[in-house]
Amino acid sequence: MASIWKELVWDGLLWLVMCLHVFLSPFTKVEESFNLQACHDALIHGPQLHLWDHLQFPGAVPRSFLGALATSVAAYPFLGLGAVSKPALLRLVRLVVASTSALCFARFRFLVAKEWGIAAGRLLALLTVTQFHLPFYLSRTLPNVFATQLALLAHAEMLSKSPRAAYRCLALLGITAAVFRCDLLIMIAPVGLLLLWHCRVNFFKAAAVTAAAALLGACLSICVDSILWRRWLWPEFEVLWFNTAENKSSEWGTQPPLWYFFSALPRALLGSLPLALLALLIEPRARQLVAVALTFIGLYSFLPHKELRFIFPALPLLNAAAAAAGARVLRWKRCGVLLWGGFALALAAHVLVTTVMTLASFCNYPGGVAMTGLHATDAATNRSVHIGNMAAISGVSRFLERPDWQYSKEEGLDADALAAKGFDWLLSEFSEVPGYHCVAATEGFQGLSRSWPLVRLAPQIYLHSKSAASETRCDATWNAMSHAEFQVAPFLT
């Protein structure tokens, strides 16, 4: 029993680091907005569907509500513990997502330790928590995160020696592809071939199990999402059609074919990447993990639109292979002290790079800082606020809104059009608006610097108050570091 609790401490490391990211960067970006607003609407509006955000801002493609609804159900009991402010509720929702991710990671790490030993399991924990991207994103309401949670369980079943584990692995991937991320179809192929190679599944039974699981997920998604979207639809099919047949995802930018390999993986894995490649040479049992991950990423590279979050399900596999290789290397008796010293330096480098990235992310939500700063500045009721595009995509969400204020996100308004609307407050990209006084300029991340505080900041959002005449000067400059209370205080009540 003592050893079990000792291992839980290692799993708790990831949870603690994710909680730290929630505390330091509680705001969210536009990619998370659909599920985040859905959590808000489920918790605040409930069955009053006409008030839900997606009916007014549907986005480029519809997404499934299943992840947001499951998160809201888990968060709902905490509302009965007392009065919870909406900003604090945002943090609660993110902590629920973080806790779910930590539990799925714990299951995966348990199977890694069972396969390669306790040292490999602990090294997997150390490698993961000292990286930036997975701990930072695994508390965020992205479809990619919900998919990664289920993928972690599928990876654990792939490592399990249980007779039916292989079929459970394929079933989990099938459900995930049908509900959250259709691109997990690409992972089913290498995983299925690997299981067939090791004679762990029968081809026809495996195909039937995967198809049945995908059908179940699709039916569940169609039933729930058609009600909430108010039309018959299967969200992930529409996403698949949008990204492949119509190839419209390219409108959001394209990257070179090998971008995942020369840019995304080195940034996400840091020192784990060379260890994962070393596993191909010295750890035969880990080769299958590397093969599945690299095949998935290689096939995904054919799509011109690329983002690091698209390959999140593959990162735990590469980290596990790196941990297995590292555990084997540390067992070598020759050059033992030198090897341990090398690992210590590598982990220290991980921490240094992650610290810089964490600081950059802390300063990367000027919209959230501006919104909470506005509410701290004006305690009056019945105000009208226009939220510009930059603010909307860099931290503003319905969790930050006051119930007695009116908010507008109308797009395509220039400075003169904003002045004609007569809003009480503006969160705008324009430094000057006729008839408004600039109260504060909110700075956001612009790049890295060689001197402290290691990041370059520049004004990105201007807070304007209605006045008799336009004034060009700003009374204050806000950013996450100099006004940390705007970043943190609203989430503590």
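Going by the annotation in an unreviewed UniProt entry, the name recorded for the chain is Mannosyltransferase, with Effrenium voratum given as the source organism. Looking at the Sequence similarities (unreviewed entry) heading of the UniProt record, one finds this comment for the chain: "Belongs to the glycosyltransferase 22 family."

K.L.:
What is the right way to look at helix α14 (residues 287-300) in this model?
P.N.:
An α-helical segment advances 3.6 residues per turn. Residues three or four places apart therefore align on the same side. Helix length check: α14, at 14 residues, gives a terminal C-alpha distance of 20 Å against a target of 20 Å (1.5 Å per residue), a fit within 8%. Every buried residue of α14 is accounted for by Q288, L289, V290, V292, A293, F296, I297 and Y300.

K.L.:
Any chance you could explain the UniProt feature "transmembrane region" (unreviewed entry) in the chain here in plain terms?
P.N.:
In the numbering adopted here, UniProt assigns the feature "transmembrane region" (unreviewed entry) to residues 165-196, 208-229, 258-282, 289-304, 310-330 and 337-362. Taken end to end, residues 208-229 has its terminal C-alpha atoms 30 Å apart, with 100% of it in helix and 0% in strand. Split by type, residues 310-330 is 76% helix and 0% strand. Its first and last C-alpha atoms lie 32 Å apart.

K.L.:
Help me understand the side chain of T176 in this model?
P.N.:
Turning to its location among the elements, T176 is positioned in helix α8 (residues 165-179). Looking at T176, the relative accessible area reads 0%, which means it is buried. Here L172 takes part through its backbone oxygen, which lies 2.7 Å from a polar atom of the side chain of T176. Apart from the residues within four sequence positions on either side, T176 is in contact with A147, L150, R181 and L184.

K.L.:
Any chance you could explain a nonpolar patch on the surface here in plain terms?
P.N.:
A cluster of nonpolar side chains, namely L258, F261 and F262, defines an oily patch on the protein surface of about 300 Å² accessible area. Within the element layout of this structure, F261 appears in helix α12 (residues 259-269).

K.L.:
Quick question: what am I supposed to make of the layout of surface pockets here?
P.N.:
Think of a ball as big as a water molecule: rolled over the atoms, this probe shows where empty space is left. Taken as a whole, the second largest pocket spans an internal volume of roughly 620 Å³. Lining the second largest pocket we find 24 residues, and of these F132, H133, F136, Y137 and N364 sit closest to its centre. When residues in the lining of the second largest pocket are grouped by element, the largest group, four residues, is from helix α16 (residues 336-362). Classifying every residue of the lining of the second largest pocket gives 14 nonpolar, three polar and seven charged.

K.L.:
Can you help me understand the pattern of salt bridges in this one?
P.N.:
Pairs can form between side chains of opposite charge once their charged atoms are near each other. Applying the stated criterion across every chain yields a total of 18 salt bridges. E307 is the salt-bridge partner of R309, the closest N and O atoms lying 2.8 Å from each other. Classification of R309 as buried rests on a relative accessible area of 16%. Take E307: its relative accessible area is 21%, and that puts it in the partly exposed class. For R398, the salt bridge identified is with E401, shortest N-O distance 3.4 Å. Judged on exposure class, the residue R398 and its partner E401 are both buried.

K.L.:
Please explain the nonpolar core as it appears in this structure.
P.N.:
Side chains that are nonpolar tend, in soluble globular proteins, to be buried together. Grouped together as the largest cluster of nonpolar side chains are 82 residues, with contacts concentrated most on F108, V191 and L315. Counting 46 residues, the second-largest nonpolar core is a separate cluster that includes F399, W405, L427 and A440.

K.L.:
Can you walk me through the environment of F399 in this structure?
P.N.:
Within the secondary structure, F399 is located in the loop between α18 (389-393) and β2 (406-408). By relative accessible area, which is 0% here, F399 ends up buried. Each C-alpha atom of the pair F399 and V96 lies 16 Å from the other, and the pair is 303 residues apart in sequence. If sequence neighbours within four positions are ignored, F399 has contacts with L36, C39, H40, K86, P87, L89, L90 and V93.

K.L.:
Can you help me understand the packing of aromatic side chains in this one?
P.N.:
Here the structure, examined in full by the defined rule, presents 16 aromatic pairs. Taking the centre distance of 5.8 Å and the plane angle of 5° together, the rings of F34 and W229 count as stacked. Separated by 195 residues along the polypeptide, F34 in helix α2 (residues 33-44) and W229 in helix α10 (residues 203-229) bring together distant segments of the chain. W229 carries the same exposure label as F34, and that label is buried. Feature note: the residues W259, Y260, F296, Y300 and F310 constitute an aromatic cluster, connected by ring pairs. The ring of Y365 carries the charged tip of K29 above its face, separated from the ring centre by 5.2 Å. In this structure, K205 is placed above the aromatic ring of Y167, and the distance from its NZ or CZ to the ring centre is 4.7 Å.

What counts, and at which threshold
Residues numbered from 1 in each chain as written. Predicted model: local features only at pLDDT ≥ 70, side-chain atom pairs only at ≥ 80, totals over all residues. Heavy atoms only, no water. UniProt positions renumbered as here; feature names shortened; annotations may be inferred. Helix = DSSP H or I, 4+ residues; strand = E, 2+ residues; numbered from the N terminus. Expected span 1.5 Å × (residues − 1). Buried < 20%, exposed > 50% of the residue type's maximum accessible area, 1.4 Å probe, protein only. Polar contact = N/O pair within 3.5 Å; in protein donor to acceptor, adjacent residues only side chain to side chain. Contact = heavy atoms within 4.5 Å. Patch = residues over 30% accessible without salt bridge, like charges linked within 9 Å, V, L, I, M, F, W, Y side chains within 5 Å. Areas by Shrake-Rupley, 256 points an atom, 1.4 Å probe, with all protein chains shown as cover. Salt bridge = Lys/Arg side-chain N within 4 Å of Asp/Glu carboxyl O. 1 Å grid on protein atoms, 1.4 Å probe; cavity = no way out; pocket = protein on both sides within 12 Å on 5 of 7 lines; lining within 4 Å. Points joined across faces, edges and corners; volume = space filled by probe spheres on them. Nonpolar A, V, L, I, M, F, W, Y, C, P; charged D, E, K, R; others polar. Core = buried A, V, L, I, M, F, W, Y, C linked by side-chain atoms within 4.5 Å. Phe/Tyr/Trp six-rings, centres within 6.5 Å; stacked < 30°, edge-to-face > 60°. Lys NZ or Arg CZ within 6 Å of the ring centre and 35° of its normal.

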